[in-house]
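Summary of structural features
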Amino acid sequence: MAGKTKSQKKKALDMRSKMYLVLALCSVMLLVSVGISLVLIGGIDLGGADAQSVSTVDSASMVVESGYNKEENTIDTQAYTSTILEQSADAGDSYVDETLFLGDSNTARMYRMFDYCSYDNAIGSVGMTAKSLVTFACVQVSTSSGYITMPQAVAKLQPRRVILTFGTNDLNPGYKAADFVKNYRTGIEAIVTAYPSVDIIVNAIPPIGQQHSNQSLTQTQVDEYNKALVEMCQEKDWKFLNSAEVLKDSVTGYAKSGYVETSDGIHLTRTAMDALFNYIRTHSYITEDDRPALTTIPKHTGDKDAVVYTVPVVSSSSTATATATPEPTEEPADSESSE
C-alpha cells in the first residue's frame, strides 16, 4: 500500500506541472500577440522613427500632381540681381539673432519644435495666410493684455530686419498670383508703416513633396507665386531670399528627398531646416542700422494659430496647440488654410 500511495502522489505532481507549463505557454503566446498588434497600429516606437515624423494623415489620402513642368515658372535670376540675395560670407548666429522671422507652421517649427531660433526672434501661426497679415491678431507680448497683429508686434519688438515666409496656406486653384501678391504687399506695407526702420526680406515659399496631403496644393502654383514674389520685391525695393533653390530637387522640381515630412509632404524636416538656415546665413542682407534708440523691448510670450488640429504638426506653444482637423478660428473667413 505504501508503494501505491507514493506512486499516486508522484502522478499528481506531474499533472500540476503540465498545467503550469500550459499556462506559461498561453501567457507567452498572449504577450507575443499583443506585442505584434501594438507594432501594427504604431503603439510601439521601434527607434527608427523621428518624433517629428508622426503621421498626421492616412497615406491613402496623399495626392500626386499631374503635368508639372519645373521649367515653366523658372525665375530669371539675372533679371533680378539687385533683388535676389546673392551668396555672401556666413553672417553667423548673430545675423539670425537680430532677425525676426514671421510666418506660418514652418516658421513655428523653427522655435516650437526645433532650435534654430527662439521666441525672442520668431513668430509663427499655424495655418496663417499672407493676406491675414494686417488683420489677424495672433501675437502675445509681455506688455499687451490681448493679442496683436504681426505688424504691431514688429513695432514693439523693433528688429533690425524681418524674414517673412508665407504662401503655402494661400495656395488654391482659384486664388491667382496677382491677387496673392496684392494682399501680401498690403501686409508688408503695414509692417513698414508700423516700423519704418526694418529691412524687409521675403523668403520663397518652400517646395512641397511629389506626394502630399492637400489636393489644393501644387508645385506649379508654388513656382508661379514665387516668381510673382520676386517681381513684387523688385517693385517695392525689398529683398527676395531664393531659398527654394537649395530645398528643391534639381531633377524633379519638388522638395528634395527627406526635406518634407513623409506624413504630409508639406512641413519641413530638421534636415531641411539645416539647409535653410545655412542658406539664410550665407545669403545675408546687412545694411546700416538706422533704427532709433531702442526702447524697452517686450518679450514674445505666445501665439494664436489660425487653425487648430487634432494631431500635432508642431509642438504646443504657451498659448496654442497646432494639430490635423481644422476648426473655426478668428482668422478672416475668406482665408484658405492648407497646413
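Residues numbered from 1 in each chain as written. Predicted model: local features only at pLDDT ≥ 70, side-chain atom pairs only at ≥ 80, totals over all residues. Heavy atoms only, no water.

**Thoughts on the packing of helix α4 (residues 150-157) against helix α5 (residues 177-194)**
Note the threshold: Every angle, taken between N-to-C directions, lies between 0 and 180 degrees, and every axis is a line fitted to C-alpha atoms, over only the stretch in contact when it is a helix. Numbering goes from the N terminus for both helices and strands, where a helix is a DSSP run of H or I of at least four residues and a strand is a run of E of at least two. Note on terminology: angles under 35 degrees are roughly parallel, angles over 145 are roughly antiparallel, angles of 65 to 115 are roughly perpendicular, and the others are oblique. Rotating anticlockwise by less than a right angle from the far helix to the near helix defines a left-handed crossing, while the corresponding clockwise rotation defines a right-handed one. We call two residues in contact when some of their heavy atoms are within 4.5 Å. Throughout this entry, Asp, Glu, Lys and Arg are counted as charged residues, while Ala, Val, Leu, Ile, Met, Phe, Trp, Tyr, Cys and Pro are counted as nonpolar. The remaining residues, Gly among them, count as polar.
It is the contact of α4 with α5, at a shortest axis distance of 8 Å, that shows an interaxial angle of 30°. For the element pair α4 / α5, the angle class is roughly parallel. α5 is crossed by α4, and the crossing has right-handed handedness. For the pair α4 and α5, contact is made by Pro151, Val154 and Ala155 and by Gly187, Ala190, Ile191 and Ala194, respectively. Among the residues forming the contact of α4 with α5, the class breakdown is six nonpolar, one polar and no charged.

**Focus: the nonpolar core**
Rule in force here: Residues grouped as a nonpolar core are buried Ala, Val, Leu, Ile, Met, Phe, Trp, Tyr and Cys residues, joined through side-chain atoms within 4.5 Å. In this scheme, a residue with accessible area under 20% of its type's maximum is buried, one over 50% is exposed, and one in between is partly exposed, where area comes from a 1.4 Å probe on protein chains only.
Ranked by internal contacts, the top residues of the largest apolar core, which has 49 residues, are Leu102, Leu164 and Tyr184. The set of elements that each furnish at least two residues to this core consists of β2 (99-103), β4 (139-141), α4, β5 (161-165), α5, β6 (199-203) and α6 (219-236). Beyond its immediate chain neighbours, meaning those up to four positions away, leucine 164 contacts Leu102, Leu133, Tyr184, Ile188, Ile191, Ile200, Ile201, Val202 and Asn203.

**With respect to the environment of proline 207**
By secondary structure assignment, the location of proline 207 is in the loop between β6 and β7 (211-212). In this structure the C-alpha to C-alpha distance between proline 207 and threonine 220, which are 13 residues apart in sequence, comes to 9.8 Å. When residues no more than four places from it in sequence are discounted, the contact partners of proline 207 are Gln219, Leu247, Lys248, Tyr254, Ala255 and Val260.

**Details of the side chain of arginine 109**
Basically, it comes down to this: Polar contacts, as counted here, are pairs of nitrogen or oxygen atoms within 3.5 Å of one another; within protein the pair requires one atom able to donate a hydrogen and one able to accept it, and residues that are adjacent in sequence qualify only if both atoms are side-chain atoms.
Within the secondary structure, arginine 109 sits in helix α3 (residues 105-112). A distance of 2.6 Å separates a polar atom in the side chain of arginine 109 from a polar atom in the side chain of glutamate 261. Separated by 3.1 Å, the side chain of arginine 109 and the backbone oxygen of leucine 268 make a polar contact.

**Description of the sheet that holds strand β8 (residues 239-241)**
Let me state the cut-off plainly: The rule for pairing is simple: two strands pair if DSSP sees at least two bridges between them.
The strand order across the open sheet built from five strands is β3-β2-β5-β6-β8, with neighbouring strands paired in parallel fashion. The open sheet has two free edges, formed respectively by β3 (122-124) and β8, since each of these has just one partner strand. Direction aside, the axes of adjacent strands within the sheet are offset by 20° on average. α6 contacts β6 and β8 of the sheet and is inclined by roughly 155° relative to β8.

**A few points about the pairing of β6**
As a reminder of what qualifies: A clockwise path from the first strand over the helix to the second, with the strands pointing away from the viewer, defines a right-handed crossover.
Here β6 lies mainly inside the structure; five of its five residues are buried. Of the two faces of β6, the one lined by Asp199, Ile201 and Asn203 and the one lined by Ile200 and Val202 are each fully buried. Bridging between β5 and β6 involves four bridges; their strand directions are parallel. Each residue of the ladder has a partner; that of valine 162, found in β6, is isoleucine 200. Tracing the backbone out of β5, into α5 and back to the parallel element β6 gives a crossover that is right-handed. Strand direction decides the pairing type here: β6 and β8, joined by three bridges, are parallel. Across the sheet, isoleucine 201 pairs through a bridge with lysine 239, a residue of β8.

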